[in-house]
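One-letter residues, chain by chain:
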Amino acid sequence: MVTTGTVEAQLAQPSPGVTDAVLLERAWRALSTVMDPEVPVVSIVELGIVRDVRLDGPTLVIEVTPTYSGCPATETIIRDIDDALDARGVSNPRIETTLAPAWSTDRIAPEAKRRLQAFGIAPPHVVRPRVDVAGISPLRRATQVMCPRCGSFRTNLVSQFGSTACKAHYRCENCLEPFDYFKAF
């Protein structure tokens, strides 16, 4: 989905001394207030969904990459971006959805990973990959996931899909609590 337009309120009649750098900083600040609709403790900037903010002539361009190509929250995120910028006097940005290169959990900021854990979602990480020789494929890799509640690595995968498709559902054998794990990809 692409929204088009110009940054009329900011660029058509800019305030004295407002530079492109100031406008871009305002845009980044506004975007940092947009929380992920599925994980409301981290912003779309901290998750790495916002790939770029730039000016194309008089048009503010926001480039976003969803966490996966079929993410149902993408339209909500785009609407929230529009609303956050509009609230700060920046109207009609062009929002471009880019799928390549694909989003990766490497884009998540360290602070966001800490907040995910505090929220009860195990952040993406690989502690010690091990070969699963008991399964059908001896080359299949398994990941040990730390429980965000008690810190134990005695956890089991319950389902490849948790509350959203980008999370898996685990259960801790130590504290017996279920939790989501933000899949690493």
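Above: the structure in question.
Asks: Describe the overall build of the protein chain, listing the residues and the values that go with them.
Replies: Each helix and strand in the protein chain was counted, giving four helices and nine strands. Each helix and strand of the protein chain, placed in order from N terminus to C terminus, yields the pattern α-α-β-β-α-β-α-β-β-β-β-β-β. Sorting the 185 residues of the protein chain into buried and exposed places 40% on the buried side. Within the structure as shown, the protein chain displays about 9,700 Å² of accessible surface, and the carbon and sulfur contribution to it stands at 54%.

Asks: Describe in detail the side chain of Lys183, supporting the description with residues and values.
Replies: Residue position: Lys183 is located in the segment after β9 (178-182). Buried charge without a salt bridge: Lys183, with Asp180 as the nearest opposite-charge side chain at an N-O distance of 9.7 Å. There is a polar contact of 2.8 Å between the side chain of Lys183 and the backbone oxygen of Gln160. Other than its neighbours up to four places away in sequence, Lys183 contacts Thr105, Pro124, Gln160, Phe161, Ala165, Cys166, Lys167 and Ala168.

Asks: Could you give me a rundown of the packing of aromatic side chains, with the residues and numbers involved?
Replies: Under the definition given, this model contains three aromatic pairs. The interplanar angle of 55 degrees and the centroid separation of 5.9 Å between the aromatic rings of Trp103 and Phe182 together place this pair among those described as tilted. Here Trp103 is found in the loop between β3 (94-97) and α4 (110-119), whereas its partner Phe182 is found in strand β9, with 79 residues between them in sequence. In this pair, the class of Trp103 matches that of Phe182, namely buried. Geometrically, the ring pair formed by Tyr170 and Tyr181 is edge-to-face, given 5.7 Å between the ring centres and 75 degrees between the ring planes. Linking Tyr170 in strand β8 (residues 167-172) with Tyr181 in strand β9, this pair joins segments that are eleven residues apart in sequence.

Cut-off values and rules
Residues numbered from 1 in each chain as written. Predicted model: local features only at pLDDT ≥ 70, side-chain atom pairs only at ≥ 80, totals over all residues. Heavy atoms only, no water. Helix = DSSP H or I, 4+ residues; strand = E, 2+ residues; numbered from the N terminus. Buried < 20%, exposed > 50% of the residue type's maximum accessible area, 1.4 Å probe, protein only. Areas by Shrake-Rupley, 256 points an atom, 1.4 Å probe, with all protein chains shown as cover. Lys, Arg positive; Asp, Glu negative; His and termini not counted. Salt bridge = Lys/Arg side-chain N within 4 Å of Asp/Glu carboxyl O. Polar contact = N/O pair within 3.5 Å; in protein donor to acceptor, adjacent residues only side chain to side chain. Contact = heavy atoms within 4.5 Å. Phe/Tyr/Trp six-rings, centres within 6.5 Å; stacked < 30°, edge-to-face > 60°.

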